[in-house]
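Residues per chain are reported as follows:
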Amino acid sequence: YQRRVHGEEGGHIYQPGSKFPNRYLLAKVHFACADNQYHQFVLHLGFAHLATAPLAIASHNALERTGHPLGAFLKPHFRDTLGINYLALQTLVAKDKPITDTTFSAGTEQGVKMVDHAFKEYNFMASGLEEELKRRGFGRPGTDGLKAYRYRDDGFLIWDALTAYCGAMVDELYPTDEDVRNDEVLQSWATECASKAKIKGFPATLDSKKQLTTCLTTIIWTASALHSVLNYTQYPFCATPINRPAAMKGKMPEENGKDIDMDHIYHQAQHQATFFQMALSWLLSTPEPPTLDVIARPDSVVMAGQEEETAAFKSFAAEHRRVYDTLKAQLDEAKKTIEERNKTKPVYNVLLPSQVAASINI
């Protein structure tokens, strides 16, 4: 770990085995805090919540309002997303007295700037699991030399299940690529996403069944598995603030040839804002229904307070039973594989279908 001040060259390097182990520990805590700023603002708020919102609006305008089957297909994966985003805009990153201004080291203004900067490089078609991993130097299991990377290994089980699910829906609606190109409502949706919603990288026209399947898979992956990984793991990592603090009181102390005591570390990492961090991480870490495995069993879906929407979904699913049977079969296999891995490896349940919320609703 290297301590650097922005705009200055060099910086002190902290490493294991040093004669000042507590300084090294504090450097790690500071690094975890910095990483938490990126995780919460860029990945969680930006690439999950905010990236999904314009897709939900465009799908409502161009697909759902016209009665297009893909509007009904996507709707469960946009459930309550705009509502929870509105709540965040009125509280966490509000214009006046935002909560994140006092609970995150970056503060609200810098956090929002981080999101804005990150979206300059955002590309929708490169935001799905396979392309995102490829960009970071990883491939499918067994192709990149890294073993037991569970996010990748289990993630591909869910990604492939969603690809089969979306592919089955596309097959039912479009016998050929030409049928995709000739669907005026579908093309107006693509135009709205690319032009009106200004989603970078979203194709302005859809040319093939494969391209459409990739778009649908990427949307559902982002709204379900990606957000679940980013959100529902918060309590195990963040409930003890010294492990992954949202804010630190103070900087790394200047070098004076002496180590620091643990009280100094606790004082920096634990303060009034930590109670908020502990409570919020607990609140956010319970998967909200319906989860993916429930969507795959439409008869068991219950959307609390949304009886009409529940009935409409069940009716749509009944018309397209093969599509949901495909998802169920794929997710059942994913569940078996994950549970088998957990018998011989550290338990990782983050991407169990029963733990993956179908939409961003918290």
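A brief structural summary. (Residues numbered from 1 in each chain as written. Predicted model: local features only at pLDDT ≥ 70, side-chain atom pairs only at ≥ 80, totals over all residues. Heavy atoms only, no water.)

Re the overall build of the protein
Selection criterion: Going along the chain from the N terminus, every DSSP run of H or I of four or more residues is numbered as a helix, and every run of E of two or more is numbered as a strand. Each radius of gyration reported is based on C-alpha atoms, and the globular scaling rule is 2.2 Å times the count of residues to the power 0.38. Exposure categories follow from relative accessible area, calculated using a 1.4 Å probe and restricted to protein chains: below 20% of the type maximum is buried, above 50% is exposed, and the middle band is partly exposed. Residues are treated as being in contact if the distance between any of their heavy atoms lies within 4.5 Å. For the accessible areas, the method is Shrake-Rupley and the probe is 1.4 Å, while residue cover comes only from the protein chains on display. In this tally, Asp and Glu contribute negative charge and Lys and Arg positive charge; neither His nor the terminal groups of the chain are included. A charge is said to be at NZ when it belongs to Lys, at CZ for Arg, at CG for Asp and at CD for Glu.
Looking only at helices and strands, the protein features 16 helices and 0 strands. For 362 residues, the compact-globule estimate of 2.2 N^0.38 gives 21 Å, and the C-alpha radius of gyration of the protein, at 22 Å, lies within 12% of that figure. A total of 362 residues make up the protein; the buried ones form 49% of that total. Relative to all contacts within the protein whose residues are 6 or more apart in sequence, the contacts with residues 24 or more apart total 73%. When the accessible area of the protein is evaluated, it comes to approximately 18100 Å², of which 55% is carbon and sulfur surface. Between the averaged position of the 39 positive side-chain charges in the protein and that of its 43 negative side-chain charges there is a distance of 5 Å.

Details of a nonpolar patch on the surface
For the record, the criterion: Only residues whose relative accessible area exceeds 30% and that take part in no salt bridge are eligible for patches, with like-charged residues grouped when within 9 Å of each other and nonpolar side chains (Val, Leu, Ile, Met, Phe, Trp, Tyr) grouped when within 5 Å. Each reported salt bridge corresponds to a side-chain nitrogen of Lys or Arg within 4 Å of a carboxyl oxygen of Asp or Glu.
Among the surface-exposed residues, Tyr235, Trp282 and Leu283 lie close enough to one another that they form a single nonpolar patch of about 350 Å² accessible area. Take Trp282: it is sitting in helix H13 (residues 272-284). Looking at Trp282, the relative accessible area reads 54%, which means it is exposed.

What about the pattern of salt bridges?
Going through the model one piece at a time under the given rule, you end up with 21 salt bridges. A salt bridge links Asp171 to Lys209, with the nearest nitrogen and oxygen atoms 2.9 Å apart. Here Asp171, found in helix H7 (residues 150-173), pairs with Lys209, found in helix H10 (residues 209-231); they are 38 residues apart in sequence, far enough to count as distant. Judged by relative accessible area, Asp171 falls into the partly exposed class, the value being 42%.

With respect to the nonpolar core
The line we're drawing: What we call a nonpolar core is a set of buried Ala, Val, Leu, Ile, Met, Phe, Trp, Tyr and Cys residues that are connected through their side-chain atoms within 4.5 Å.
Membership of the largest hydrophobic core comes to 66 residues, with the highest contact counts inside it found for Phe73, Tyr151, Tyr165 and Trp189. If you tally residues by element for this core, the top one is H7, at 11 residues. The contact partners of Phe73, leaving out residues within four places of it in the chain, are Tyr165, Cys166, Met169, Leu216, Ile220, Phe316, Val323 and Tyr324. One finds Tyr14, Met248, Ile260 and Ala269 within the second-largest nonpolar core, a separate group that totals 12 residues.

A closer look at the packing of H7 against H10
The condition that has to hold: Axis geometry follows a simple rule: fit a line to the C-alpha atoms, using only the stretch in contact for helices, then measure angles between N-to-C directions, giving values from 0 to 180 degrees. Between 65 and 115 degrees an angle is taken as roughly perpendicular, under 35 as roughly parallel, over 145 as roughly antiparallel, and anywhere else as oblique. It is the rotation of the near helix from the far one that decides the hand of a crossing: anticlockwise by less than a right angle makes it left-handed, clockwise makes it right-handed.
Where H7 contacts H10, the two axes come as close as 8 Å, and the packing angle between them is 135 degrees. When the axes of H7 and H10 are compared, the pair comes out oblique. Handedness of the H7/H10 crossing: right-handed. Contacts from Tyr151, Gly155, Ile158, Trp159, Leu162, Thr163, Tyr165, Cys166, Gly167, Val170 and Asp171 in H7 reach Lys209, Leu212, Thr213, Leu216, Thr217, Thr218, Ile220, Trp221, Ser224, Ala225, Leu226 and Val229 in H10.

Regarding helix H12 (residues 262-269)
Three or four residues apart is the spacing at which side chains of an α-helix point the same way, because the helix has 3.6 residues per turn. Our working definition: When we speak of the arc, we mean the arc of directions from the helix axis to the C-beta atoms.
Where H12 is concerned, the buried positions are Ile265, Gln268 and Ala269. One face of H12 carries all of its buried residues, which in axial projection span an arc of 90 degrees.

Topic: the layout of surface pockets
This is how the line gets drawn: Cavities and pockets are found on a 1 Å grid laid over the protein atoms alone: a cavity is a set of points where a 1.4 Å probe fits but cannot escape, a pocket is an open set with protein on both sides within 12 Å along at least five of seven lines, and a lining residue has an atom within 4 Å of such a point. Grid points are joined across faces, edges and corners, and a volume is the space filled by probe spheres set on the points. Residue classes follow a fixed rule: Ala, Val, Leu, Ile, Met, Phe, Trp, Tyr, Cys and Pro count as nonpolar, while Asp, Glu, Lys and Arg count as charged, and any other residue, Gly among them, counts as polar.
Taken as a whole, the largest pocket holds about 950 Å³ of empty space. In terms of lining, the largest pocket is formed by 30 residues, of which the most central are His39, Leu43, Glu132, Arg136 and Leu230. Broken down by secondary-structure element, the contributors of at least two residues to the lining of the largest pocket are helix H1 (21-64), helix H6 (129-135), H10 and helix H11 (234-238). Broken down by element, the residue count for the lining of the largest pocket peaks at 8 residues, all from H1. The residue inventory of the lining of the largest pocket, partitioned by class, reads 15 nonpolar, 9 polar and 6 charged.

Here's the deal with the environment of Ala62
Secondary-structure assignment places Ala62 in helix H1. Residues Ala62 and Val350, spaced 288 residues apart in sequence, show a C-alpha to C-alpha distance of 33 Å. Other than its neighbours up to four places away in sequence, Ala62 contacts Val185, Ser188, Trp189 and Glu192.

A look at the environment of His267
Within the secondary structure, His267 is located in helix H12. Separated by 45 residues in sequence, His267 and Ala312 have C-alpha atoms that sit 54 Å apart.

Section: the packing of H1 against H10
Think of two packed helices as two axes; the pair is described by the angle between the axes and how far apart they sit. For the pair H1 and H10, the least separation of the axes is 10 Å and the interaxial angle reads 155 degrees. The angle between H1 and H10 falls in the class roughly antiparallel. Between H1 and H10 lies a crossing of left-handed hand. Here His39, Leu43, His44, Phe47, Ala48, His49, Thr52 and Leu55 of H1 lie close against H10, whose contacting residues are Ile219, Thr222, Ala223, Leu226, His227, Leu230 and Asn231. Residue classes in the contact of H1 with H10 are distributed as 8 nonpolar, 7 polar and no charged.

Brief notes about the side chain of Thr103
Test applied: We define a polar contact as two N or O atoms separated by no more than 3.5 Å, with the added condition that, inside protein, one atom must be a possible hydrogen donor and the other a possible acceptor, whereas residues neighbouring each other in sequence contribute only through side-chain atom pairs.
Tracing the backbone through its elements, the reader meets Thr103 in helix H4 (residues 100-103). Within polar-contact distance, the side chain of Thr103 engages the backbone oxygen of Ile99 at 2.9 Å. With residues up to four places along the chain from it excluded, the contact list for Thr103 reads Ala246, Ala247, Ala273 and Phe276.

Details of the environment of Leu146
Following the sequence through the fold, Leu146 ends up in the loop between H6 and H7. The exposure class assigned to Leu146 is partly exposed, which follows from its relative accessible area of 35%. It is 36 Å that separates the C-alpha atoms of Leu146 and Gln268, two residues lying 122 residues apart in sequence. Every residue in contact with Leu146, bar those within four places of it in the chain, is listed here: Phe138 and Arg152.

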